[in-house]
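Single-letter residue listing:
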Amino acid sequence: MPRRRSKPAATSTTRKTPANNRYRAEDILALFDNQQALSWRDLVGLAQADTPRSITQLRQMLKGLERNQQIQRDHQGNYYLAGSGSEVQGVLVRRGRELALDGHIIAAAGAANLRAGDRVAGVLNNGHMQVLKVVEHSPEPVIGVLNWQGRYAAVEGIGAFRGKIRLLEQPVDLDHGDTVAVKIMDRDRRGLLGVVVDVLPSQGVLDQAIQTAIAGGEIPHVWPEAVERAVTRLPKRVYVRHYPHRVDLTAMPLVTIDGESAKDFDDAVYAEKVGRQWRVVVAIADVAHYVKSGSSLDKEALLRGTSVYFPQRVIPMLPEAISNELCSLKPDTPRLAVVCDMRVNNKGLVAQHQFYEAVIHSRARLTYTQVQAFVDQQRDAGPLPIVEGYESPVLASLTALQQAYAKLREARQQRGALDFDTQEAHLQLDANGAVTAIEPVVRQQAHQMIEEMMIAANVCAAQFLEAHEQPSLYRVHEPPDADKLEELRQALAVVGVRLSPGVLEPRVLQQAMLRLPADNNPWIYAQLALRSLQQAVYTPQNQGHFGLALERYMHFTSPIRRYPDLLVHRAIKAVLAGQTAARRKPQKLPTVDQLHSLGDQCSQHERRAESAGWVVDGWLKCHYLQRELGNVLDGIVAGVTEFGLFVEIEGYFIQGLLHVSSLGSDYFNYHPRSLALVGERSGQHYRLGDQLRVRIVDIEPAQGRINLELPNDSGAKRRGRRSRTRSST
């Protein structure tokens, strides 16, 4: 819906013709701007049509202008200036979170209830594609959740389409909250109309949440027959003697360090002190050796783009025969790897590095908890599960890893990489998939050790390919959007932290976050800072990584679960093949133009996976919170908007909406500079970080929505800040 414009002043060029009280065509056309459509309501306000007669005259003028093809009207009834572009028909395709027709993005497609797969008629005006009408709705059903309201049911879409669909036929024997598939049949002025064509069966809340997220996000999860056949042709074991051209690292005490529930181990590490430096070896499973470019395995991996992680379930990018077996770096088992062999100096910089293909043996499958116990020197933690005969070398390697990490960490802080304290939660589930507890995630040094080693290897991958002029996909993270950055500046200024104007460097933002008072819930501002950042993307054009404060960065360390990493592996292996006397034929590599397309596709698939994860996470938390329905809980204002407050429910790591209409009879104005809602009569204010007591009024788990209200006694627990006068806000 276009933004409403303010009513023009008396000196506006818009006026009625004195002789017959009719609008002139040129005056109506002057109301339009080439870049924005106007609704009927907008035009009534702008033209000052404040009587029944003037409204009729305005409508007649608009019809005449439309007949003369001076203005056009889209399928939502919005008007805009007609351009020189001719009408085109085509099928809408998805580009990330947006839809496109004939290569041009459709503005506000979601608000228009458009979907990928819809055949539409549109026209290109001044570089903007406007949809005139939907010729044929997409045959693909919308996945959503059934909501009964009295005797009538509607479906709210989950995943790619998030709108509401009214049903032409009321379903029989379906319950509120069932996941259904709806075929779109038509639309009217109120939106889409459809019929239920299928019900998705589920076993418990976790299964329903996952099934809905998969179907709604259109996530591929069934292996094609060609992939199944390819899996049967894979070798069952790795024999060291078959790879004489590879470096033999089977005697090196490499170990994997992952979470307790991990099943695919694609990285192993080793370190040793060498003079005043540390040798750090990062060995990554050689997935590219088995997944050849253009093969059925490769095509399906690209289609999936990334593994999707849910509680107690994973939708893998590659079949388990590869991800959990052949390319999983299991203890005391020979595996093929691509190795980044680095020397880290006393300043925490990688002084030199080399890449090579190797055969390795992992000597222990360690968990973060076990390594943290070793770091903390917890004597009662018990011995580490290390392959017999390698205990001493592995422990020496862990000590060297800890030392190298300390230097890498210092270098990270020196360059000003972002490192915010955010609030993350871990869901404890029972055997049926129901949440039994929500606990905060504690970042341990063991996690950070592995993270720093992987970051260093990723940087080396970018440097290696650049040095050999071999293009591949960078992981690019651009600086914050200017508008969102200004919002962050204002939020920090309210609590006395100044963020200097102009171009922002990561170091400046990191230092600003460290100056936040401890009693101001720094995680709230860390959340705002993260929202101000742009999303990282994959592209063959290097534009640096803002968050990590790095000039170049690629993803190399997770080819089992990320397709861009697989592409980087192929590029590295192609360079290595060209350097050897054996002159092994490298796999066909994509061109730069193809890399642009691959980068867009991989970025979209990453967003799809993230969105699916958020759906399930929010669903489970809301389902767990239902036990508090009607109760009053403590909360913290984590977001302020014109329409209300987003309140973080303490202990549940989820936010609910306290709508502005629930704040009382006063009229509350939004003050963006102070991030506050302020009552016109009372001067009462609600600000970011305020502590409140709120009642849980309504919960919709499938949508992740929680509606709140203030208790009858208004029960606001303030942090001691008094409301300011309206003139000061």
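1. Some words on the sheet that holds strand E29 (residues 676-679)
Note on sheets: strands pair through backbone hydrogen bonds, and any given pair is parallel or antiparallel.
Next up, step 1: Strands sit in the order E28-E29-E30 across an open sheet of three strands; the sheet is antiparallel. Each of the sheet's edge strands pairs with one partner strand only, and the pair in question is strand E28 (668-671) and strand E30 (685-687). If you compare each strand with its neighbour and ignore which way they point, the axes differ by 20° on average.
Next up, step 2: Note that E29 and E30 share three bridges and pair antiparallel. The partner of Ala676 across the bridge, within E30, is Arg687.

2. So, the packing of helix H6 (residues 296-304) against helix H15 (residues 592-625)
Next up, step 1: Closest axis-to-axis distance for the H6/H15 pair is 8 Å, and the angle between their directions is 60°. Viewed along their axes, H6 and H15 adopt a mutual orientation that is oblique. Of the residues in H15, those in contact with Leu302, Leu303 and Arg304 of H6 are Leu598, Gln601, His605 and Arg608.
Next up, step 2: For the contact of H6 with H15, a count of residues per class yields three nonpolar, two polar and two charged.

3. Details of the pairing of strand E31 (residues 691-700)
Next up, step 1: In the sheet, strand E25 (residues 632-641) pairs with E31 via five bridges, with the strands oriented antiparallel. For Leu633, the partnering residue across the bridge sits in E31 and is Val694.
Next up, step 2: Pairing geometry for E31 and strand E32 (residues 705-709), over five bridges, is antiparallel. Of the residues in E32, the one forming a bridge with Ile699 is Ile706.

4. A few points about unusual backbone geometry
Next up, step 1: The backbone phi angle of Asp332 is positive, close to 55°, even though this residue is not glycine.
Next up, step 2: Phi is positive for Leu675, which is not a glycine, with a value near 45°.
Next up, step 3: For Leu675, the location among the structural elements is in the loop between E28 and E29.

5. Looking at the pattern of salt bridges
Next up, step 1: A complete count under the given rule lists 32 salt bridges for this structure.
Next up, step 2: Glu466 serves as the salt-bridge partner of Arg552, at 2.8 Å between the closest nitrogen and oxygen. Here the residue Arg552 occupies a position in the loop between strand E24 (537-539) and helix H14 (563-579), and Glu466 occupies one in helix H10 (residues 445-467), the gap between them amounting to 86 residues.
Next up, step 3: Relative accessible area serves as the criterion here: at 22%, Arg552 is assigned to the partly exposed category.
Next up, step 4: Residues Arg695 and Glu709 are paired through a salt bridge, measuring 3.3 Å at the closest nitrogen-oxygen approach.

6. Some words on the side chain of Lys621
Next up, step 1: With respect to the helices and strands, Lys621 occurs in helix H15.
Next up, step 2: In this view, Lys621 contacts Ala425, Leu427, Ile438, Tyr652, Phe653 and Ile654; residues no more than four positions away in its chain are not counted.

7. What about the nonpolar core?
Next up, step 1: Within the largest apolar cluster, 73 residues are counted, with the highest numbers of intra-cluster contacts made by Leu509, Tyr525 and Leu645.
Next up, step 2: In terms of residue count, H15 provides more of this core than any other element does, nine residues in total.
Next up, step 3: Once you skip the residues sitting within four places of it in the chain, Tyr525 turns out to touch Leu488, Ala491, Leu492, Val495, Met513, Leu516, Asn520 and Leu688.

8. A look at the side chain of Ser397
Next up, step 1: With respect to the helices and strands, the residue Ser397 is situated in helix H9 (residues 391-415).
Next up, step 2: Residue classification places Ser397 among the buried positions, given a relative accessible area of 2%.
Next up, step 3: Those residues within four positions of Ser397 in sequence are excluded, and the remaining contacts are Pro253, Tyr270 and Ala271.

What counts, and at which threshold
Residues numbered from 1 in each chain as written. Predicted model: local features only at pLDDT ≥ 70, side-chain atom pairs only at ≥ 80, totals over all residues. Heavy atoms only, no water. Pairing = 2+ DSSP bridges. Helix = DSSP H or I, 4+ residues; strand = E, 2+ residues; numbered from the N terminus. Axes fitted to C-alpha atoms, helices over the stretch in contact; angles between N-to-C directions. Parallel < 35°, antiparallel > 145°, perpendicular 65-115°, else oblique. Contact = heavy atoms within 4.5 Å. Nonpolar A, V, L, I, M, F, W, Y, C, P; charged D, E, K, R; others polar. Salt bridge = Lys/Arg side-chain N within 4 Å of Asp/Glu carboxyl O. Buried < 20%, exposed > 50% of the residue type's maximum accessible area, 1.4 Å probe, protein only. Core = buried A, V, L, I, M, F, W, Y, C linked by side-chain atoms within 4.5 Å.

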